[in-house]
Amino acid sequence: MNTYNSKFQRPIQIVLSAIMFSFIACERGSVVPLNSWGYMKAKVNGRDWQKTYSNAYQTVRGSTTKPDFANCFIKSIYIYSMLQDSEGVLQQILGFGKIPPKPGRYKVIPYNETTCKDSLSVNASLETFIDEDIFRDRYDLLPLEENYLQLNEYQENGSMEVKGTFSVSFVLRSKRYPNSYEDTLRFTNGRFHTKIVIPVKRHL
């Protein structure tokens, strides 16, 4: 095992998770999404993923990470979409991390295969929840599929918009609930258009 890579795998995941949950904390208990811009659309096993829940809504946004941990990181983009049900309860998060800030087609690999200086691959994760912050089904990337993300546009200055396409597949790691989703979830014809959004703190 490469101890150098493993040394920084966990910090990378921690930083990306912190970014994601800082936004979630701002929205908890609110039915109207805050700081959402654009869309992330895909077919999941032939169905419209973004319409999984009736009378619900989707929150989409991006953020950036700067070099850190003794300059191990390269600068990268993180985009994700949160699906909430009709009562505003968080149900799913689909996210892509460590996206190089320049157009290109990148292979998507699992987090446990990432290296801190790898600039030719992207990470993807799918998380499902019960009652916003309790994990439900746990999914891993299915490595034998053609998993990729195509970054078509990134405006580093100005509007900070991010645009591209993707295709990823996930397999259920362990089934814990009787109403779990399918064992394999294939996201095809994926498209996203969002921008880097800075979270706004809510005031009493």
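Conventions and cut-offs
Residues numbered from 1 in each chain as written. Predicted model: local features only at pLDDT ≥ 70, side-chain atom pairs only at ≥ 80, totals over all residues. Heavy atoms only, no water. Salt bridge = Lys/Arg side-chain N within 4 Å of Asp/Glu carboxyl O. Helix = DSSP H or I, 4+ residues; strand = E, 2+ residues; numbered from the N terminus. Buried < 20%, exposed > 50% of the residue type's maximum accessible area, 1.4 Å probe, protein only. Contact = heavy atoms within 4.5 Å. pLDDT = per-residue confidence, 0-100. Pairing = 2+ DSSP bridges.

Moving on, we get to the pattern of salt bridges. What the rule picks out here adds up to 8 salt bridges. The shortest N-O distance in the salt bridge between Arg138 and Glu127 comes to 3.6 Å. Of the two residues, Arg138 sits in strand S8 (residues 134-141) while Glu127 sits in strand S7 (residues 121-130), which places them 11 residues apart along the sequence. For Glu127, a relative accessible area of 16% gives the class buried. Salt-bridge contacts for Glu145 lead to Arg186; the nearest nitrogen and oxygen are separated by 3.3 Å. Remark: Arg186 occurs in strand S11 (residues 184-195) and Glu145 occurs in the loop between S8 and strand S9 (148-154); sequence separation between them is 41 residues.

Within the element layout of this structure, Ser86 appears in the loop between strand S4 (76-84) and strand S5 (90-99). A relative accessible area of 45% means that Ser86 is categorised as partly exposed. Sequence separation of Ser86 and Ser54 is 32 residues, and the distance between their C-alpha atoms is 6.6 Å. Not counting residues within four places of it along the chain, the set of residues in contact with Ser86 comprises Ser54, Asn55 and Ala56.

To continue, consider unusual backbone geometry. Even without glycine at this site, Lys98 takes up a positive phi of about 60°. Here Lys98 shows up in strand S5. In this model, Asn189 sits at a positive phi of 55°, which is unusual for a non-glycine residue. Tracing the chain through its elements places Asn189 in strand S11.

Residues at a pLDDT of 70 or more form 68% of the protein, whose mean pLDDT is 78. Per-residue pLDDT stays below 50 along residues 1-32; that stretch engages in 60 contacts with residues further than four places along the chain or on separate chains.

Looking at chain direction, strand S1 (residues 39-44) and S11 are connected through 5 bridges and run antiparallel. Bridging from a neighbouring strand, Lys41 pairs with Arg191 of S11. Pairing geometry for strand S10 (residues 161-174) and S11, over 10 bridges, is antiparallel. Residue pairing across strands places Val171 opposite Thr184, the latter belonging to S11.

The buried fraction of S7 amounts to 9 of the 10 residues, a majority that puts the element mostly inside the structure. Note: S5 against S7, 6 bridges, orientation antiparallel. Bridging from a neighbouring strand, Gly97 pairs with Asn123 of S7.

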